[in-house]
Amino acid sequence: MRPLSLTMTAFGPYAQQQKLDFRELQDRTFFLIHGPTGSGKTTILDGMCFALFGDASGTQREGKSMRSDHADSAVITEVIFDFAIGEACYQVKRIPEQERPKKRGDGTTTMLAQAELWSMPLVGEAILLAAKWLDVTKQIEILMGFKSNQFRQVVLLPQGEFRKLLTANSNERQEIMQALFKTDLYQRIEEKLKDKALLLKKASEEQSKQRQWILQEAGVAQEHELLDCIQQNEREVEDILVQIKSSSEELKSAQQAVNQGAIIQGKIQDKQKAEQLFATLTEQKPIIEEERAGLLRATAAMGLFDAEKNRSNYAQDVLSLEENCKTYQVELEIEVQKLKQAQQRFEIEAAKEEDREMLVRQIIHLQQTENKLKLLEKALSSAAIRKSELEQAAKKKDTAEFNYTKIQEKIDHIILDEQKAVQLALEVGSREIQWQYAQGLLTKSRLLEEHRKKFTQLERQVSASELKLAELEKNYAAAKSSLTTLQHEWMQGQAAFMASTLAAGESCPVCGSADHPKLAAPRGVMPNERQLKTAQQQMEFLEQEKDTCRRQHSLLQTERDTWEKRIADLTEELKEQAAVPLLELAQRVQTLREKYEQALTGEQRARDITRQLEQLRKQQEDLHKELVQVQEAWRQAEQSFTAAETITAERRLAIPEELQGMGNLAAVLKSAQDKQDQYKTAWEQAQQHVQQGKHLVTQKQTLLENTSYRLKESRIKYEEEQNYFVKRVAAAGFMDQQDYETAKKNPESMSITAKKIAAFDSEFSKAALFLEQTAQAAENLELPDMLELQQVVVTMQNRYNDMFAAHTNLEALLKRQQAWLKKISQVDEALGTLGSQYAVAGRLAEVANGSNEHKLTLQRFVLGTLLENVIVAANERLKMMSRSRYSLQRTLERARKNAAGGLDLEVFDNYTGIARGVGTLSGGETFLASLSLALGLADVVQSYAGGIHLDTILVDEGFGTLDPESLDVAIKALIDLQQGGRLVGIISHVPELKERIDARLEVMATERGSTACFKIG
């Protein structure tokens, strides 16, 4: 996070709007917030913290209490903070809950808290990310990667809370580092391992129960008992098989005896059947002979059919003419009767004058029924409306019942889909672990690639540093040799100068000797002191450059070795996966992620289906309510229709049925008028019918006379043919015509009789032959006792069945026992597999969840490693700040036996050689250690590039506890942070800092509130 601008209105000591644009710092990354005590320096940090998280930088101050006492009551307290995270820019605005004047009337009203978070792209319009107080806070925590209290421990270091990161206990430090380094994955791994171990343990217990259930079902206590039972049953099966074979042979012998007896019995029964059949046919023979004689008489009668036919034809003519005479007589009588009827009709029509007058009165009465018909039509219309309403209500009822049935079917179908989605959702955990593991491999592989690039870069830097160091050592040697030469020449010159001043016999001021055998002589120009000093400075400069280069070279070598070790550690950790190409790993991660997302989709679909089921059930409930309402409406419509029908029936009773309806009335009226016309027509027709009847009677009398004459002639011819037929009957041998009629048969009947006689003759011959054959077959045979023989078979069969059933039951029991034994073997195998898996998974779960000597969970182990890196980075500054006296180190000792450890800190004092708690440091030492730890943490977090950008560090006070030398070291450490582009801001009223830092945010206090502005240079 890097601040861009901060605008505070009526906030803290700032009564008016105060805007601070941090972009005025330009390329400066180290600035001082300076001002008198109580002027509002810390309020600037409060404004940032309040805008981001809704609370102040110190735990003693709350956002609600930050309203300025100097501000006018109409001015709204608000804070607007623009900041950048990486390349993205954001703006957050907060208005705390406060009292403001009412818009109308006197008094105040409570203004609720408001908050907004906007994304501010370089191109395009701003995008609203959140617009509620808690939503803004949550979104800020997601963007920045940590919460308010963690922000105050790694970015903004407020008064009184600066030392918390240093003095925090193991749990508090875990919470901070967990948020910064995103180690939730390892916690999920702990939980997954624990769940896996529990599942394996539960599965093993289930298998053990299954084994016990199998033994209980088998009725034994141990497996060897089941083996003994199986062996015993196998022996019994072999014994029963021997008995079954013996019983089967006995049964076969008994069945053969029954079969032989059945054959003898059959022969005797065949003889009895043949005797019975022959006797029966013998009894039928007289009847057949009688039918044979009748057939001969019928054949003779067939020769008289021609004469009988001629007689019958004449008889038919007689009968036909007699029938015609009768018909004509009847027709004559009918015409006579019709004539009488016509005369009677004429008399009747003449007497209908009174009826015609009644028709007139009837027509008048029909016309008077019009009003009654109108009332009836109205009642019928109302009944039709009620009937229509009833039909509509019935349709609605049917529709509601159909919808209710349809949604029930839909619910049943969705329940099936839900079961499938739930099955897929159950695989989310395993697929997530596979994907996370592959993602971890990919991340480590990418990190290994980056480490290799960094190592290659450091190799080049080390080589360049070696060349530079060799060059500097060469230059330093040359400068040192030059200085030695100059110093020698200067000393020679000084000796020559002193020698020139010596007199014979005088003591030498250097050695005190009075004898001067060989005086020093001048050797060219003697170098002066300035030349010596210049050479001395040049040598010291080159020596300093050489030492600096050597330190840098040593640091580069150390850094190179560190990266080389990291590469080796990652290679060892990845093992064979280190050789897998990144593209292949990325594809594997993508595939596993797609499977995991499919499972997540199934899980989401399961939730969606559950919600859909809830909605459908609610719809079903609504439809049920609607169905009840529709059924009630249908019942009411039915009652209304029944009432309308009753009224209609009452009004219909008041009118004759034939007159109900205007159409019926018109029809009846027309009918009466037509009847009147009919009476007139009937009167005219009656006169005509009398005339026509007289003519027809005369015509029928003439026809009857002619037919009677023809009948007389036909009777004469019939008598002649009858006499001729009688003579033919006598000649054929019949006693009389009656005898002839008795003998006569139709050809079909004669054919049937002939076939019957032939069949009888054939059957009688076969019966005689069958009787002869069966008598010979049954000769000397006695009827066996079949009941006794069958009883023997039944006894043998029962004995065989009992043995076979015993064998079947024993075989079934043996199969069940063998199946139980197989199941036990399978369960034992499964128990062995589960035991092997649990031995690994259970131990992994125990170790990962802290069941070890130091109570370290997997996540704490990872965080401990990260803390070691933080400590290394922090000690680089702390050793410099403490002049190599102190260094931080991690301790695995726990404050309590049941407490989790691994993240506790202690300080090692190089003066005493003893490690002690960080709480034993003095105020200034605590400040330096806290500052070193915060800076080290920022370096490590930034190097891991886990999405958290620690581009800014703000320190509130603490410098007043340092002596001048420590202050210099602390300021130098903060200035060094600028090399990484990090913005460093400190709050202090120490005068020396104002003189040494040229970029300042000056805060001035006045009677009407504070103001602030940047001063550069």
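Rules of the game
- Residues numbered from 1 in each chain as written.
- Predicted model: local features only at pLDDT ≥ 70, side-chain atom pairs only at ≥ 80, totals over all residues.
- Heavy atoms only, no water.
- Pairing = 2+ DSSP bridges.
- Helix = DSSP H or I, 4+ residues; strand = E, 2+ residues; numbered from the N terminus.
- Axes fitted to C-alpha atoms, helices over the stretch in contact; angles between N-to-C directions.
- Contact = heavy atoms within 4.5 Å.
- Expected span 1.5 Å × (residues − 1).
- Parallel < 35°, antiparallel > 145°, perpendicular 65-115°, else oblique.
- Left-handed = near helix turned anticlockwise from the far one by under 90°.
- Nonpolar A, V, L, I, M, F, W, Y, C, P; charged D, E, K, R; others polar.
- UniProt positions renumbered as here; feature names shortened; annotations may be inferred.
- Phe/Tyr/Trp six-rings, centres within 6.5 Å; stacked < 30°, edge-to-face > 60°.
- Lys NZ or Arg CZ within 6 Å of the ring centre and 35° of its normal.
- Bend = angle between axes of the 7 residues up to and from the residue.
- Buried < 20%, exposed > 50% of the residue type's maximum accessible area, 1.4 Å probe, protein only.
- Polar contact = N/O pair within 3.5 Å; in protein donor to acceptor, adjacent residues only side chain to side chain.

### Focus: the sheet that holds strand β9 (residues 127-130)
For step 1, the next point in the chain: The strand order across the open sheet formed by 6 strands is β2-β1-β4-β5-β8-β9, and the pairing between neighbours is antiparallel. For this open sheet the edge positions go to β2 (14-21) and β9, each flanked by a neighbour on one side alone. Taking each pair of neighbouring strands and ignoring which way they run, the sheet shows an average axis angle of 20 degrees.
For step 2, the next point in the chain: The pairing of strand β8 (residues 114-119) with β9 spans 3 bridges and is antiparallel. Note on β9: the bridge partner recorded for Trp118 is Leu128.
For step 3, the next point in the chain: Sheet strands in contact with helix α2 (residues 133-144) are β4 (78-85), β5 (88-95), β8 and β9, and its direction is about 35 degrees off that of β8.

### Brief notes about helix α12 (residues 529-574)
Along an α-helix, residues three or four positions apart point the same way, because every turn accommodates 3.6 residues.
For step 1, the next point in the chain: Over its 46 residues, α12 runs 66 Å from end to end, which matches the ideal 68 Å to within 8%, given 1.5 Å per residue.
For step 2, the next point in the chain: Looking at the residues trailing α12, positive phi occurs at Lys575, about 55 degrees.

### Some points on the packing of helix α6 (residues 184-218) against helix α17 (residues 786-848)
For step 1, the next point in the chain: At a minimum axis distance of 8 Å, the contact between α6 and α17 shows a crossing angle of 160 degrees. Of the possible angle classes, the one that applies to α6 and α17 is roughly antiparallel. Between α6 and α17 lies a crossing whose hand is left-handed.
For step 2, the next point in the chain: Grouping the amino acids of the contact of α6 with α17 by side-chain chemistry returns 18 nonpolar, 6 polar and 8 charged.

### Notes on the UniProt feature "coiled-coil region" (unreviewed entry) in the chain
For step 1, the next point in the chain: Taking the numbering used here, the UniProt-annotated feature "coiled-coil region" (unreviewed entry) corresponds to residues 230-257, 325-410, 448-489 and 525-633.
For step 2, the next point in the chain: Helix makes up 100% of residues 230-257 and strand 0%, whereas the separation of the span's terminal C-alpha atoms amounts to 41 Å.

### Points about the packing of aromatic side chains
For step 1, the next point in the chain: On inspection of all chains with the given rule, the structure shows 10 aromatic pairs.
For step 2, the next point in the chain: In textbook terms, an aromatic cluster arises when at least three aromatic residues are bridged by ring pairs, as seen for Phe11, Phe50 and Trp133.
For step 3, the next point in the chain: The residue whose ring lies beneath Arg94 is Trp133, and the NZ or CZ to ring-centre distance is 4.6 Å.
For step 4, the next point in the chain: Across from the ring centre of Trp634, 5.0 Å away, lies the NZ or CZ of Lys397, which sits over that ring.

### Looking at the packing of α6 against helix α18 (residues 858-881)
For step 1, the next point in the chain: Where α6 contacts α18, the two axes come as close as 8 Å, and the packing angle between them is 155 degrees. With respect to α18, the axis of α6 lies roughly antiparallel. Crossing hand, α6 versus α18: right-handed. Contacts between α6 and α18 involve Asp184, Tyr186, Gln187, Ile189 and Glu190 on the former and, on the latter, Leu858, Gln859 and Val862.

### Here's the deal with the side chain of Thr137
For step 1, the next point in the chain: Among the secondary structure elements, Thr137 is positioned in helix α2.
For step 2, the next point in the chain: Thr137 has contacts with Leu52, Phe53 and Arg94, leaving out every residue within four places of it along the chain.

### Structural notes on the sheet that holds strand β16 (residues 999-1006)
For step 1, the next point in the chain: In space, the 6 strands of this open sheet follow the order β10-β14-β15-β3-β16-β17, with mixed pairing throughout. Unpaired on one side and paired on the other, β10 (156-157) and β17 (1009-1016) mark the two borders of the sheet.
For step 2, the next point in the chain: The pairing of strand β3 (residues 30-34) with β16 spans 3 bridges and is classified as parallel. The residue of β16 that forms the bridge with Ile33 is Leu1001.
For step 3, the next point in the chain: The sheet contacts of helix α1 (residues 41-53) involve β3, β10, β14 (952-956), β15 (983-987) and β16, and relative to β14 the element is tilted by about 140 degrees.

### Some points on α17
For step 1, the next point in the chain: The first and last C-alpha atoms of α17 sit 88 Å apart over 63 residues, in line with the 93 Å expected at 1.5 Å per residue.
For step 2, the next point in the chain: At Tyr838, α17 is bent by approximately 30 degrees, the largest bend along its length.
For step 3, the next point in the chain: Two residues or fewer after α17 comes Gly850, characterised by a positive phi angle close to 95 degrees.

### A word on the environment of Trp683
For step 1, the next point in the chain: Inspection of the secondary structure assignment puts Trp683 in helix α14 (residues 662-731).
For step 2, the next point in the chain: Spatially, the C-alpha atoms of Trp683 and Ile348 are 8.9 Å apart, while their sequence positions differ by 335 residues.
For step 3, the next point in the chain: Not counting chain neighbours up to four residues away, the residues in contact with Trp683 comprise Phe346, Glu349 and Ala350.

### Examining the pairing of β14
For step 1, the next point in the chain: Along β14, 5 of the 5 residues are buried, which leaves the element largely enclosed by surrounding structure.
For step 2, the next point in the chain: Alternating positions in β14 separate into two faces, Thr952, Leu954 and Asp956 on one and Ile953 and Val955 on the other, with burial throughout.
For step 3, the next point in the chain: As judged from the 2 bridges shared by β10 and β14, these two strands associate in the parallel manner. Residue Leu157 lies in a different strand from β14, and its bridge partner there is Val955.

### Remarks on the side chain of Ser932
For step 1, the next point in the chain: Secondary-structure assignment places Ser932 in helix α19 (residues 923-944).
For step 2, the next point in the chain: Polar contacts involving the side chain of Ser932 include one to the main-chain amide nitrogen of Leu878, which spans 3.4 Å.
For step 3, the next point in the chain: If we skip the residues at most four places from it in the chain, Ser932 touches Ala874, Arg877, Leu878 and Met881.

### Focus: unusual backbone geometry
For step 1, the next point in the chain: Here Arg883, not a glycine, exhibits a phi torsion of approximately 55 degrees, which is positive.
For step 2, the next point in the chain: Inspection of the secondary structure assignment puts Arg883 in the loop between α18 and β11 (886-891).
For step 3, the next point in the chain: Judged by relative accessible area, which is 40%, Arg883 ranks as partly exposed.
For step 4, the next point in the chain: Here the phi dihedral of Ser884 falls at roughly 65 degrees; this positive angle occurs in a residue that is not glycine.

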